[in-house]
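Residue-level structural notes
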Amino acid sequence: MNEILEGEPIKSIKIQSYETPRLANVIINERNKIETITEKPSEMKIKETNNNPSDYLYVLWIEANNNTTVLLYLTENGIRLNGTKGHGNQYIIEGDNSLLKIVNKIFQQEQ
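For clarity, every value in this text was computed on a predicted model and none was experimentally measured. (Residues numbered from 1 in each chain as written. Predicted model: local features only at pLDDT ≥ 70, side-chain atom pairs only at ≥ 80, totals over all residues. Heavy atoms only, no water.)

Overall, the coordinates contain 2 aromatic pairs when judged by the stated rule. Both rings, one in Y56 and one in Y73, keep their centres 4.8 Å apart while their planes meet at 40°; by these two values the pair is tilted. With Y56 in the loop between β3 (45-49) and β4 (58-64) and Y73 in strand β5 (residues 69-74), the pair connects residues that are 17 residues apart, well separated along the chain. The ring of W61 carries K14 above its face, with NZ or CZ at 4.9 Å from the centroid. (Phe/Tyr/Trp six-rings, centres within 6.5 Å; stacked < 30°, edge-to-face > 60°. Helix = DSSP H or I, 4+ residues; strand = E, 2+ residues; numbered from the N terminus. Lys NZ or Arg CZ within 6 Å of the ring centre and 35° of its normal.)

This is the structure:
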């Protein structure tokens, strides 16, 4: 995630769920939860693709201290990044989607 934000520290992450009847949001400002979201999934295996993932489950609005925002669209088996260096990049997740598990858990805790 640091590469995407060009090394800028993350100020907050807004998680927007598409799984609820109405769009629901939570905002994460706690450093330990931000680090869990951005660092724990770093071992996930992803492969760049030209196919745009659909059926978004969550959108993460990741805001850096310099007010740069990156959008991360998350599906069961894919990620799309919009923002600085990751503008429009799409990835297929190969294997376990640990990011989705983490986001699900944090989103449920914060609601």
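Below, the discussion takes up the side chain of N82. Mapped onto the secondary structure, N82 falls in strand β6 (residues 78-82). Side chain to side chain, N82 and R80 meet in a polar contact 3.4 Å long. (Polar contact = N/O pair within 3.5 Å; in protein donor to acceptor, adjacent residues only side chain to side chain.)

A separate point is the pairing of β5. Taken across its 6 residues, β5 has 5 buried, putting it largely inside the fold. As paired elements, β4 and β5 share 6 bridges and run antiparallel to each other. By the bridge assignment, E63 is partnered in β5 with T69. Connecting β4 to the antiparallel partner β5 that follows it, the hairpin turn spans 4 residues, and N67 within it adopts a positive phi of roughly 70°. Of the strand pairs in this sheet, β5 and β6 are connected by 4 bridges, and their pairing is antiparallel. (Buried < 20%, exposed > 50% of the residue type's maximum accessible area, 1.4 Å probe, protein only. Pairing = 2+ DSSP bridges.)

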